[in-house]
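# Summary of the model geometry
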Amino acid sequence: MVLSITDNSPMISTTSSTVEMVTQEKLQRNEDNVEDKNSGALGCFGWLLVIVSLIFVVATFPLTGFMCVKIVKEYERAVIFRLGRIPDRKPKGPGLFFVLPCTDNFVKVDLRTVSFDIPPQEILTKDSVTVSVDGVVYFRIHCPISSVANVSNAHSSTRLLAQTTLRNVLGTKNLSELLSDREGISLSMQEALDDATDPWGIKVERVEIKDVKLPQQLQRAMAAEAEASREARAKIIAAEGEMKASRALKEASLVIAEAPSALQLRYLQTLNTIAAEKNSTIIFPLPIDMLQSFMRK
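Residues numbered from 1 in each chain as written. Predicted model: local features only at pLDDT ≥ 70, side-chain atom pairs only at ≥ 80, totals over all residues. Heavy atoms only, no water.

### So, the packing of helix 5 (residues 154-170) against helix 7 (residues 182-197)
As a reminder, the rule being used: Axes, fitted as lines to C-alpha atoms, cover a helix only where it is in contact. Angles between the N-to-C directions of the axes lie from 0 to 180 degrees. The numbering of helices and of strands both runs from the N terminus, where a helix is a DSSP run of H or I of at least 4 residues and a strand a run of E of at least 2. For classification purposes, angles smaller than 35 degrees are called roughly parallel, those larger than 145 roughly antiparallel, those between 65 and 115 roughly perpendicular, and all remaining angles oblique. What makes a crossing left-handed is the near helix being turned counterclockwise from the far one by less than a right angle; a clockwise turn instead makes it right-handed. Here, two residues are considered to be in contact whenever any of their heavy atoms come within 4.5 Å of each other. Lys, Arg, Asp and Glu make up the charged group, whereas Ala, Val, Leu, Ile, Met, Phe, Trp, Tyr, Cys and Pro make up the nonpolar group; the residues left over, Gly among them, are polar.
Where helix 5 contacts helix 7, the axes come no closer than 10 Å and their chain directions differ by 135°. When the axes of helix 5 and helix 7 are compared, the pair comes out oblique. For the element pair helix 5 and helix 7, the recorded crossing hand is right-handed. Judged by residue contacts, Thr-158, Leu-161, Ala-162, Thr-165, Leu-166, Val-169 and Leu-170 of helix 5 engage Ile-185, Ser-188, Met-189, Ala-192, Leu-193, Ala-196 and Thr-197 from helix 7. A class-by-class count of the residues in the contact of helix 5 with helix 7 yields ten nonpolar, four polar and no charged.

### A closer look at helix 7
As a reminder of what qualifies: Between the first and last residue of a helix there are one fewer steps than residues, each counted as 1.5 Å, and that sum is the expected span. Only protein chains enter the area calculation, which uses a 1.4 Å probe; residues under 20% of their type maximum are buried, those over 50% are exposed, and those in between are partly exposed. By arc we mean the arc of the directions from the helix axis to the C-beta atoms, nothing more.
Between its first and last C-alpha atoms helix 7 spans 22 Å; for 16 residues at 1.5 Å apiece the expected length is 22 Å, and the two agree. When we look at burial in helix 7, the residues that qualify are Ile-185, Ser-186, Met-189, Gln-190, Leu-193, Asp-194 and Thr-197. All buried residues of helix 7 fall inside an arc of 160° around its axis, so they share one side. In helix 7, the exposed residues that point more than 90 degrees away from the buried face are Glu-191 and Asp-195. Close packing links the buried residues of helix 7 with strand 5 (114-124), strand 6 (130-141), helix 5, helix 6 (175-180) and strand 7 (202-213).

### A few points about a negative patch on the surface
Spelled out, the test is: Two distance rules govern patches: like charges are joined within 9 Å, and nonpolar side chains (Val, Leu, Ile, Met, Phe, Trp, Tyr) within 5 Å, applied only to residues with over 30% relative accessible area and no salt bridge. Only the protein chains shown count as cover for residues, with accessible areas throughout obtained via the Shrake-Rupley method and a probe of 1.4 Å. Here, a salt bridge means any Lys or Arg side-chain nitrogen found within 4 Å of an Asp or Glu carboxyl oxygen. For the charge count, each Lys or Arg is scored as positive and each Asp or Glu as negative, with His and the chain ends excluded. Charge positions come from single atoms, namely NZ of Lys, CZ of Arg, CG of Asp or CD of Glu.
A cluster of acidic residues, Asp-127, Glu-177, Asp-181 and Glu-183, forms a negative patch on the protein surface. Of note, Glu-183 is situated in helix 7.

### Brief notes about the side chain of Thr-158
Rules: We call two N or O atoms a polar contact when they sit within 3.5 Å, provided that within protein one can donate a hydrogen and the other can accept it, with sequence-adjacent residues counted only if both atoms are side-chain atoms.
Among the secondary structure elements, Thr-158 is positioned in helix 5. Of the polar contacts made by the side chain of Thr-158, one reaches the backbone oxygen of Ala-154; its length is 2.7 Å. The residues contacting Thr-158, other than those within four sequence positions of it, are Phe-116, Phe-139, Thr-197, Trp-200 and Ile-202.

### Structural notes on the environment of Lys-210
Structurally, Lys-210 can be placed in strand 7. Residue Lys-210 is classed as partly exposed on the basis of its relative accessible area, which comes to 43%. A sequence separation of 92 residues divides Lys-210 from Ile-118, and the C-alpha atoms of the two residues are 9.2 Å apart. When residues no more than four places from it in sequence are discounted, the contact partners of Lys-210 are Asp-117, Asp-134, Gly-135, Val-136 and Arg-182.

### Some words on the packing of aromatic side chains
Heads up, the rule is: Only Phe, Tyr and Trp rings take part, Trp by its six-membered ring, and two of them pair if their centres are within 6.5 Å. Stacked means planes under 30 degrees apart, edge-to-face means over 60, and tilted covers everything else. Ring-over charges, as used throughout, are those where CZ of Arg or NZ of Lys falls within 6 Å of the ring centre and within 35 degrees of the ring normal.
As enumerated under the stated definition, the model contains two aromatic pairs in all. Centroid distance Phe-97 to Phe-106: 5.4 Å. Interplanar angle 85°. Geometry classified as edge-to-face. Residue classification places Phe-97 among the buried positions, given a relative accessible area of 5%. A ring pair is formed by Phe-116 and Phe-139, whose centres lie 5.7 Å apart and whose planes are at 70°; its orientation type is edge-to-face. Here Phe-139 lies in strand 6 and Phe-116 lies in strand 5, a separation of 23 residues in the sequence. The same class applies to Phe-116 as to Phe-139, namely buried. The lysine or arginine in question, Arg-112, covers the ring of Tyr-75, its NZ or CZ lying 3.8 Å from the ring centre.

### Examining unusual backbone geometry
Of note, the bond from Gly-93 into Pro-94 is cis; its omega dihedral lies within 30 degrees of zero at 0°. Along the chain, the position of Pro-94 falls in the loop between strand 2 (76-82) and strand 3 (95-98). A positive phi angle, near 55°, is found at Leu-83, a position not held by glycine. Along the polypeptide, Leu-83 turns up in the loop between strand 2 and strand 3. The phi torsion at Ser-128 lies on the positive side, around 60°, for a residue other than glycine. Looking at Ser-128, the relative accessible area reads 58%, which means it is exposed.

### Remarks on the sheet that holds strand 5
Note: strands within a sheet are paired through backbone hydrogen bonds, in either parallel or antiparallel orientation. This is how it is decided: DSSP-based pairing: two strands are paired if at least 2 bridges between them are found.
Overall, antiparallel pairing links the three strands, which are arranged 5-6-7 in an open sheet. A strand with exactly one partner marks an edge of an open sheet, and here the two such strands are strand 5 and strand 7. Averaged over neighbouring strand pairs, the angle between their axes works out to 25° when direction is ignored. Two elements, strand 6 and strand 7, share ten bridges in a ladder whose sense is antiparallel. Across the sheet, Val-136 pairs through a bridge with Glu-208, a residue of strand 7. Together, strand 5, strand 6 and strand 7 form the strand contacts of helix 5, whose direction differs from that of strand 5 by roughly 35°. Taken strand by strand, helix 7 contacts strand 5, strand 6 and strand 7, and its axis lies near 145° from that of strand 7.

Encoded structure:
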């Protein structure tokens, strides 16, 4: 009787680690749900302060009415903090809204599209070429509460993230791709920025590459290469033209050989062309047949 014993310790450790990760994710989700539910809870002392503030507003209504009524424009939203918490998890506006003195303060958030220039970045491409690239980004805030509660300065953070994203995306491209596929690079940058800034309540609408500056030495080398290729194409075209012209002359000589009088007509046409230019010298062609007798002697 033989007993086979196998070592399953790696499998058991992998399974246990997976179970621990799933358990931690569930606990994290439960904590987030509890925090979301308790985010608007003020507690007994908080409600007491709110009631005292309401009594103060009612007692001094004519004076505090101007302090409690606020206005936000059509393109703005107001995020109200009541004793440090956001009630109802909803922004206020546009139009009129009320705040309580001593317990409420609010932050205005602009929902209009904002554009900014990405400063020129020195980037090393995939084929080890150093280029300077700049661009422009268009974005807007679509969730005012996230832009206020999840990040200290949404605009500044987006600017810094756009610079690093430009470096990361262009570092994986060759120089030829960088010069020819700007639209694809812009789309990939937009997707990367949009995914990264979504927890901040920001929607990236458009990213554009403005200018790509190459080193002077590389520009001269590329210009010399382009000039050489153009000269080569010009020589090929000229050679093809000479070949077609020689074929046409061959066909014309065959036609003239069949009708010798056509050569005399060609002479007369040439004289007519020379006389039309008002030249003082006129050349009369001499038939070669007249000279053959002298050449024999």
